[in-house]
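Architecture and fold: a report
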Amino acid sequence: MTDFKNLIFYLLIFFILWSCNKSPDNTFLDTGRSAAIDPDYTEITIPPNIAPLNFNINDEGAAYYVKFSGTNEISFGIASGKGKILIPEKKWRKMLGENTGGVINIDIYIRSNNGQWEKYDPVKWHVAEEQVDPYLSYRLLYPGYESWMELSIKQRNLSGFREHSVIENTLVDDNCINCHSYNNGRSDDFLFHMRGTMGGTYFYSEGNLTKTNLKTGEIKNGAVYPRWHPSGQFVAFSSNKIVQRFHSADNKKVEVSDLESSLVMYDIVKNEMMNVELADKEKYMDTYPEWSPDGKYLYFCRAEQIGEVYDYKDIRYSLCRAALDPNKRIFGNTEIVFDAARINKSVAFPRISPDGKFIVITLADYGCFPIWHKEADLWSIDLETFEPKRLECNSNCTDSYHSWSSNGKWLVFSSKRVDGLTARPYIAYINEDGKSSKPFVVPQKDPGFYNRFLKSYNIPEFSSVKIDLNPGKIRRVAAAPAIQARWSEM
């Protein structure tokens, strides 16, 4: 019995001593260097309504302690035995609220195997005054693009870690689902495409889901790459005939090229499809439409029409626009906004800021599908001076597929900067001059999530509303006949 009491006594003493050494005292050593944290959340600007930025400390140590403090006296610490730092959500929300427009300091301490605590250079998180939209939507798919297996469109609440499915293709006989699009994120107008036995364009508005067949006898190819007119009355598409190439030796695994493409427009109110009539349009391939926030201009990417013999590396798109008269549904003359082809570059995915000041594009060496182009970067064009510049948020791997927040202060985009293969969603702050901050990957509850998750995040789009579709409704609408759009001349 005495031996048992002694064991309890020594265990208690050990626990007390261990507990006292969970955090550093004033005898720590200053290393003068930065700790290796993953994801890389060093020196970033974050929204005041973002989920906790959990991270791993990859430096070797026997124990870890991280202190979070703001510009006021609010602070808290987190001790870890393995270097995984999980921030309590309640404390995190309070700290963000108290430091909006300020700075959160992160002090990192690591205890070595000999018991000595060492302090690393502090990390600073700048908390912007402007919030980010509460939801982010994206398509999840394996990065090879050779198969339609396990496709889904997900929506994530950015203030926490909850993710829900908008649609899973297992509900619709494993058909391909793609090209989801919001009405500028400022309403619950939402659409997505489906190819296969339940094919059609699915429109969601005010809780209602409908399926429409936009393909009429007058349209040679299907309608893709949708962009909503701000009024909600029109949706612009491009009608493309594409070809895919799969390379065995090239570092670009997949190459997608247009053989022909043109712009079409759907009038939702009248259920009418029509060509976007532009002068000399038969000489060009037009794709990737985008509306100005006031609805007066349709921007798009244009390349010269290829012939029977061509090299896909010679196809380059420039950025153009044409004015719209919405009452007559007539477009004016085509203007060149950025002549990328002249400098041997190619434009894709134009996206205009909500205030109409900037348009961000993906710029690559050639072609119209840059997500497999390592050199693809995000560029911003000032729509007053028409001066282009490379954004500061780029990496040495593919950066593309971008979307603005509704207040124009945040840009989300897909980046392959970690492994060159899988695309992850990154968010960057955009200041008044159009400059971007260092981007941060969308936080996950487990900071090691991205290291083991095999799917890519495709077409990230901000949204101000939650899309709530139950499986039964999706299945019923998908199985029913589609509403047939009528053809109309503009």
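What counts and how
Residues numbered from 1 in each chain as written. Predicted model: local features only at pLDDT ≥ 70, side-chain atom pairs only at ≥ 80, totals over all residues. Heavy atoms only, no water. Buried < 20%, exposed > 50% of the residue type's maximum accessible area, 1.4 Å probe, protein only. Helix = DSSP H or I, 4+ residues; strand = E, 2+ residues; numbered from the N terminus. Arc of directions from axis to C-beta. Pairing = 2+ DSSP bridges. Polar contact = N/O pair within 3.5 Å; in protein donor to acceptor, adjacent residues only side chain to side chain. 1 Å grid on protein atoms, 1.4 Å probe; cavity = no way out; pocket = protein on both sides within 12 Å on 5 of 7 lines; lining within 4 Å. Points joined across faces, edges and corners; volume = space filled by probe spheres on them. Nonpolar A, V, L, I, M, F, W, Y, C, P; charged D, E, K, R; others polar. Phe/Tyr/Trp six-rings, centres within 6.5 Å; stacked < 30°, edge-to-face > 60°. Lys NZ or Arg CZ within 6 Å of the ring centre and 35° of its normal. Contact = heavy atoms within 4.5 Å. Salt bridge = Lys/Arg side-chain N within 4 Å of Asp/Glu carboxyl O. pLDDT = per-residue confidence, 0-100.

Trp 92, Met 95 and Leu 96 are the residues of helix 2 (residues 89-98) that are buried. Each buried residue of helix 2 lies within a common arc of 100 degrees when the element is viewed along its axis, so the set occupies one face. Away from the buried face of helix 2 by more than 90 degrees, exposed residues Lys 90, Lys 94 and Gly 97 are located.

A few words now on the pairing of strand 20 (residues 254-267). With 11 of 14 residues buried, strand 20 lies mostly within the body of the structure. As judged from the four bridges shared by strand 20 and strand 21 (residues 272-275), these two strands associate in the antiparallel manner. Residue pairing in the sheet places Met 265 in a bridge with Met 274 of strand 21. With antiparallel pairing between neighbouring strands as the criterion, strand 20 and strand 21 make up a hairpin whose turn holds four residues, including Asn 271 at a positive phi of roughly 55 degrees.

Within the secondary structure, Asp 399 is located in strand 30 (residues 399-404). Among the polar contacts listed, one links the side chain of Asp 399 to the backbone nitrogen of Ser 395, at a separation of 2.7 Å. Here the side chain of Asp 399 touches Arg 417 through a polar contact of 3.0 Å, side chain to side chain.

Taken as a whole and judged by the stated rule, the model has five cavities of 30 Å³ or more. Space inside the second largest cavity adds up to approximately 140 Å³. Lining the second largest cavity are 13 residues, and of these Tyr 225, Pro 226, Arg 351, Tyr 401 and Ile 459 lie nearest its centre. Counting residues per element, the ones that place at least two in the lining of the second largest cavity are strand 14 (176-182), strand 18 (223-228), strand 22 (284-291), strand 26 (346-352) and strand 34 (456-463). In the lining of the second largest cavity, the residues fall into eight nonpolar, two polar and three charged.

Turning next to the packing of aromatic side chains. Think of a pair of aromatic rings as described by two things: how far the centres are apart, and how the planes are tilted against each other in angle. A complete count under the given rule lists 25 aromatic pairs for this structure. Ring geometry for Tyr 225 versus Tyr 288: centroids 4.5 Å apart, planes at 40 degrees, classification tilted. Taken together, the residues span a long stretch of sequence, with Tyr 225 in strand 18 and Tyr 288 in strand 22 at a distance of 63 residues. Taken as a pair, Tyr 225 and Tyr 288 share a single burial class, namely buried. Relative to Tyr 426, the ring of Phe 413 has its centre 6.2 Å away and its plane inclined at 25 degrees; by these criteria the two rings are stacked. Placement of the pair is Phe 413 in strand 31 (residues 410-415) and Tyr 426 in strand 32 (residues 424-429), with a sequence separation of 13 residues. Considered together, Phe 413 and Tyr 426 belong to a single accessibility category, that of buried residues. Put simply, the rings of Tyr 41, Phe 55, Phe 68, Phe 76, Trp 92 and Trp 125 pair up and form one aromatic cluster. Positioned above the aromatic ring of Tyr 297 is the side chain of Arg 321, whose terminal nitrogen or guanidinium carbon lies 4.1 Å from the ring centre. Across the ring face of Tyr 142, the terminal group of Lys 455 is positioned such that the distance to the ring centre comes to 5.2 Å.

Take the side chain of Asp 377 next. By the secondary structure assignment, Asp 377 is in strand 28 (residues 377-382). When its relative accessible area of 11% is taken as the criterion, Asp 377 is described as buried. Once residues lying within four places of it in the same chain are set aside, the contact partners of Asp 377 are Ile 361, Thr 362, Leu 363, Arg 390, Asn 394, Ser 395, Cys 397 and Asp 399.

All told, the structure shown has 20 salt bridges when counted by the stated rule. In this structure, Asp 40 and Lys 438 form a salt bridge, with 3.0 Å as the shortest nitrogen-oxygen distance. You can see Asp 40 sitting in the loop between strand 2 (37-38) and strand 3 (44-46) and its partner Lys 438 sitting in the loop between strand 32 and strand 33 (440-441), a full 398 residues away along the chain. Note that Arg 93 is salt-bridged to Glu 89, the shortest N-O span being 3.4 Å. Separated by four residues within a single helix, Arg 93 and Glu 89 lie in helix 2, roughly one turn from each other. Exposure remark for Glu 89: the relative accessible area of 32% places this residue in the partly exposed category. Among the ionic contacts, a cluster of salt bridges with common partners joins Lys 84, Asp 446 and Arg 452.

Okay, the sheet that holds strand 7 (residues 84-85) next. The sheet built from three strands is open, its strands ordered 2-4-7 with antiparallel pairing. One side of each edge strand has no neighbouring strand; the edge strands of this open sheet are strand 2 and strand 7. Pairing analysis gives two bridges linking strand 2 to strand 4 (residues 55-57), with the strands arranged antiparallel. Among the inter-strand pairings, Ile 37 is bridged to a residue of strand 4, identified as Ile 57.

Note that Ala 62 resides in the loop between strand 4 and strand 5 (63-69). Residue classification places Ala 62 among the partly exposed residues on the basis of a relative accessible area of 29%. Taking C-alpha positions, Ala 62 is 31 Å from Thr 45, a pair spaced 17 residues apart along the chain. Apart from residues lying up to four places away in sequence, Ala 62 is in contact with Gly 81, Arg 111, Ser 112 and Asn 113.

A word on the confidence of the model for the protein. The predicted model of the protein averages 91 in pLDDT, with 92% of residues at 70 or higher. A low-confidence stretch, residues 9-20 stays under pLDDT 50, and its non-local contacts, those more than four residues away or across chains, total zero contacts.

Along the chain, Lys 473 falls in helix 4 (residues 471-479). Between the alpha carbons of Lys 473 and Thr 210 there is a distance of 9.9 Å; along the sequence they are 263 residues apart. Sequence-distant contacts of Lys 473, defined by excluding residues within four places in its chain, comprise Gly 207 and Leu 209.

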